[in-house]
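Take a look at the letters that make up each chain.
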Amino acid sequence: MQLQISPGAFQLEGHAPECEPLSLYDLYMSTFETLVADTDALREACFRLRYQVYCIENEGYEPASAFADGLERDIFDSHSAHALLRHRASDEFVGTVRTILDPGGAAARDFPVDRICAENRIGMPRSMASGGVAELSRFCIAKRLRRQVLDSVRSHPDDRARIMPAMSLGLMRGCYLLTRLNGATAWCMVMEQRLIEFLGKHGIHFRPIGPMIEFHGQRQVCHEDVDCLMARMKAERPDVWDIITDKGRYCALSMPRTIARKPAGNPRRLKASA
């Protein structure tokens, strides 16, 4: 079943330059749509975007030769939920993110962050050892599509300056939607400093775990309780909270916790990555 909770497309392309800038929410909604990748075709779109970002645009992050079909996948996708960011004007997917879920039951939790912390002798907080934690991962936007997105904004000049940040906020919107649908209560993530600063500027604050580490460059392991993070965001940046929660609509979502279906296909090599 296709799950598409975002409101319908906004028709604001005719917004004249001399008018007031759009609200951040209206700017996002007129330009993008967040989709849950709950079909094989949509998950394949996630993996194809990841191949573009991690194998082509960031050469060396993941070896392109390991993914002959052009779909970047790993062992964590079997217990992950995925979201896509669609650009309305071009009908192209421009970004994707996944939440890696705790399988629960007899299966031991296996997150990239657990392996990274073990390798770097970083102790995980007790709150991160309990159930309900999801790791945010493969948070990416295709560089080749950013100019196309920017050129599609024909409203107030200030809107053009805000459209790129809105893309990353759209991925966080996807994270929150997946979190609500799968019953997670806490997030962990391995981030570059610039992403930490970007999110903090927009009222999205994580707590660090241990020192900066070397992992494809300098990275920080972070965590936070989702409700605490969202409450602080609402207090500091209610305009961002509107995007992430769809003006509170996602807060009301409550579904039995499920594990995402295994990715389609039989890749020759499924490897661990963050």
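Residues numbered from 1 in each chain as written. Predicted model: local features only at pLDDT ≥ 70, side-chain atom pairs only at ≥ 80, totals over all residues. Heavy atoms only, no water.

A.B. asks: How should the packing of helix H1 (residues 24–31) against helix H6 (residues 157–182) be read in this particular structure?
C.D. replies: Helix packing geometry: the angle between the two helix axes and the distance between the axes. Contact pair H1 / H6: the axes reach a minimum separation of 9 Å and the direction vectors enclose 75 degrees. Taken together, H1 and H6 sit at an angle that is classed as roughly perpendicular. Contacts from Leu-24, Tyr-25, Leu-27, Tyr-28, Met-29 and Thr-31 in H1 reach Asp-159, Arg-162, Ile-163, Ala-166, Leu-169, Gly-170 and Arg-173 in H6. A class-by-class count of the residues in the contact of H1 with H6 yields 8 nonpolar, 2 polar and 3 charged. (Axes fitted to C-alpha atoms, helices over the stretch in contact; angles between N-to-C directions. Helix = DSSP H or I, 4+ residues; strand = E, 2+ residues; numbered from the N terminus. Parallel < 35°, antiparallel > 145°, perpendicular 65-115°, else oblique. Contact = heavy atoms within 4.5 Å. Nonpolar A, V, L, I, M, F, W, Y, C, P; charged D, E, K, R; others polar.)

A.B. asks: Would you mind going over the side chain of His-223 with me for this structure?
C.D. replies: Turning to its location among the elements, His-223 is positioned in strand E7 (residues 218–225). Not counting chain neighbours up to four residues away, the residues in contact with His-223 comprise Pro-125, Ser-127, Met-128, Trp-187, Cys-188, Phe-206, Arg-207, Pro-208 and Ile-209.

A.B. asks: Honestly, the pairing of strand E6 (residues 207–214) in this entry has me stumped. Any pointers?
C.D. replies: Here 5 bridges tie E6 to E7, and the two strands are oriented antiparallel to one another. Pairing of Arg-207 across the sheet is with His-223, part of E7. (Pairing = 2+ DSSP bridges.)

A.B. asks: Explanation requested: the environment of Leu-181 in the structure shown.
C.D. replies: Here Leu-181 lies in helix H6. When the C-alpha atoms of Leu-181 and Leu-253 are compared, they prove to be 6.7 Å apart, with 72 residues separating the residues in sequence.

A.B. asks: Looking at this structure, how should I read the nonpolar core?
C.D. replies: Buried together is how nonpolar side chains tend to be arranged in soluble globular proteins. Core analysis: the biggest nonpolar cluster contains 65 residues, and Phe-32, Met-172, Trp-187, Ile-204, Phe-206 and Ile-244 have the highest contact counts within it. For this core, the element with the most residues is H6, which contributes 11 residues. The next biggest cluster of nonpolar side chains, apart from the first, holds 15 residues, and it includes Phe-111, Val-113, Met-128 and Cys-188. (Core = buried A, V, L, I, M, F, W, Y, C linked by side-chain atoms within 4.5 Å. Buried < 20%, exposed > 50% of the residue type's maximum accessible area, 1.4 Å probe, protein only.)

A.B. asks: I'm lost on the state of the cysteines in this one. Help?
C.D. replies: Disulfides are covalent bonds that connect the sulfur atoms of two cysteines. Counted by the stated rule, this structure contains 0 disulfides. The thiol of Cys-222 is not disulfide-bonded; the next cysteine sulfur, from Cys-188, is found 9.8 Å away. (Disulfide = S-S within 2.5 Å.)

A.B. asks: What should I look at first to understand the side chain of Arg-88 in this one?
C.D. replies: Position of Arg-88 among the secondary structure elements: in the loop between strand E2 (80–87) and strand E3 (92–101). Among buried Asp, Glu, Lys and Arg side chains, Arg-88 stands out as unpaired, with Glu-33 the closest opposite charge at 4.3 Å. (Lys, Arg positive; Asp, Glu negative; His and termini not counted. Salt bridge = Lys/Arg side-chain N within 4 Å of Asp/Glu carboxyl O.)

A.B. asks: What should I look at first to understand unusual backbone geometry in this one?
C.D. replies: With the exception of glycine, the majority of residues adopt a negative phi angle, and the majority of peptide bonds are in the trans configuration. Here Arg-138, not a glycine, exhibits a phi torsion of approximately 50 degrees, which is positive. Checked against the element boundaries, Arg-138 lands in strand E4 (residues 133–141). Notably, His-216 is not glycine yet its phi reads approximately 55 degrees, a positive angle. Here His-216 lies in the loop between E6 and E7. The partly exposed category is assigned to His-216, whose relative accessible area is 37%.

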